[in-house]
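Structural features, examined
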Amino acid sequence: MILALAFAVAATLVAVDAAPDGNLHTGDTDIVAHGAKVALDCIHLGTWSGCGKSSPDRTDVGPYPLLQYIPAAALTKITGSEADVVSGLGRVNFVAFVIAVIVVGLVTRRRSQHPAAGALCLAFVVLSPLWYYATAGFGEMLSAVALMALALAVVERRPALIVATMFLAGISKETLPYFAFALAVLLGTSRQDRWLPPRRVLLPAAGGAVAAFAANSVFNMFRYGTLDNPFYLRDLFRVPDAGRAIRHYLLILFSPNAGVLAFWPALLIAVAIAFAAALGARRTKEVPQLLRWLGLLGWPLAFFATASIWFSPFGWIAWGPRLEVPVLAAWAIGTVLVAPREVLDRLARFVRTGPRMAVAATFGTILALAPAAGPWSYGLAIETLIEADGSCPRLTEIAIERNSRQYYRCVGHFGWRRPGSVLLRSADPPTAPAVAAQVAVAMMATVLTVELAYGGSHQAGLRGESEADG
């Protein structure tokens, strides 16, 4: 009850006070709104190839993933204003976030290997950058929710849902059909299955991935006249050498101003769980499970590698690791839900002592500060990230087309300078509602810590009493 009330308070504050001034007109989102209108006009005129195409790699439809255009097209049918479509896409993101939190809370408590897993899964969602992305434009939130739904569908082994969620995840980013299918295989393979998941998981996952790949190709044919996306495949958007890719990789992981570990440190718990599960499989010499857990450990790292060869490791000008946001919650939730019970039990027992619980609750409260205030403070935080200094001009004033050497040097400079300044600016609440949201999310962190520590023992005690009564 306390957990639900705290979330309701935080979500209401964000919806009423922050979302109306959210970062909606990002440029990309405006292109999606305009592109949806262009696409509908082409369909009306019977133009099915090269819609809005002005050059081999340019189209007025825009280069973005299909899933973003579907709600944009629906909103365009409702309102003729592109500004209203942009605002509507922001509302769609917020509703998707709220639904995701509710569904994750309900499903994980029903399907988890250990009662503490539900608390962990909710922590990965509410102690995350998703609060900001619920109030921003563009499609990171939709992609993240689609992948979370896929992870839950695979754990529950529901073929129809697996097909549907795999398809939605696959059209949310053009690279995701491959990664989503790999995640489904890793999450769907239990100890009893050994090397591969059962057909009721494998076949729907493969079918959904193939359908998504086909839909992406058809959409590219519609707007470019080619099966691939020539805009995203431009040489200009790929790093010039392996050294730069490695530097981008380190930025994605460790940058104090936009990296994954700085903005989403709760994910380290999922890493520890996967590592412990891998060690357990090694000790028991379960080779299929060892490979499965090594695969789960490597899955996000492989995704980071694809982002590291992109010219902008964080997703151009963004609050936190925008390119990496869509995949991480699903991976963490899925990892916990399929973790061996003994691993989760050891974690719960570790946190259960008074001092450790106090430390964990304090740590959770600290982790809540920046995400909860993010919907209000993102503007100043992003400005802190990209503002000019003695070494580099403002990031928006550097054109990679004119001076790629300066651009790449300054991206690294902005990622590492003044460590922690962006997060500190993010955690600084500019209004009273932002403070109240921080308090509500911090309360959620405390409740989830108690549930992590005592949920398992409480449930075990109830089962023991029930068995004794029987």
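Residues numbered from 1 in each chain as written. Predicted model: local features only at pLDDT ≥ 70, side-chain atom pairs only at ≥ 80, totals over all residues. Heavy atoms only, no water.

**A closer look at the environment of Asp-228**
One can find Asp-228 in the loop between helix H10 (199-224) and helix H11 (242-254). Among the residues examined, Asp-228 registers a relative accessible area of 40% and is labelled partly exposed. Between the C-alpha atoms of Asp-228 and Ala-205, which are 23 residues apart in sequence, the distance is 22 Å. (Helix = DSSP H or I, 4+ residues; strand = E, 2+ residues; numbered from the N terminus. Buried < 20%, exposed > 50% of the residue type's maximum accessible area, 1.4 Å probe, protein only.)

**Side note on the layout of surface pockets**
Space inside the second largest pocket adds up to approximately 500 Å³. If you go around the second largest pocket, you meet 22 residues; those closest to its centre are Ile-269, Val-351, Ala-360, Phe-363 and Leu-452. Taken together, the elements giving at least two residues each to the lining of the second largest pocket come down to helix H5 (116-126), helix H13 (267-283), helix H16 (341-352), helix H17 (354-386) and helix H20 (432-469). Partitioning the lining of the second largest pocket into residue classes produces 19 nonpolar, two polar and one charged. (1 Å grid on protein atoms, 1.4 Å probe; cavity = no way out; pocket = protein on both sides within 12 Å on 5 of 7 lines; lining within 4 Å. Points joined across faces, edges and corners; volume = space filled by probe spheres on them. Nonpolar A, V, L, I, M, F, W, Y, C, P; charged D, E, K, R; others polar.)

**Some words on the state of the cysteines**
With the rule as written, the count across this model stands at two disulfides. Disulfide pairing places Cys-42 opposite Cys-51 at an S-S distance of 2.0 Å. Where Cys-42 bonds to Cys-51 through sulfur, the torsion about that S-S bond is close to 90°, and the disulfide is right-handed. Of the residues examined, Cys-51 reaches a relative accessible area of 0% and is grouped as buried. In this model, Cys-392 is linked to Cys-410 through a disulfide, with the two sulfur atoms separated by 2.0 Å. (Disulfide = S-S within 2.5 Å.)

**Remarks on the packing of aromatic side chains**
Evaluation of the coordinates by the stated rule reveals 23 aromatic pairs. On the numbers, 5.6 Å between centres and 70° between planes, the contact of Tyr-232 with Trp-310 is edge-to-face. Of this pair, Tyr-232 sits in the loop between H10 and H11 while Trp-310 is found in the loop between helix H14 (287-308) and helix H15 (325-337), placing the two residues 78 residues apart along the sequence. Through successive ring pairs, a cluster of aromatic residues spans Phe-231, Tyr-232, Phe-237, Trp-310, Phe-311, Tyr-407 and Tyr-408. Positioned over the ring face of Phe-237 is Arg-234, at 5.0 Å from the centre of the ring. (Phe/Tyr/Trp six-rings, centres within 6.5 Å; stacked < 30°, edge-to-face > 60°. Lys NZ or Arg CZ within 6 Å of the ring centre and 35° of its normal.)

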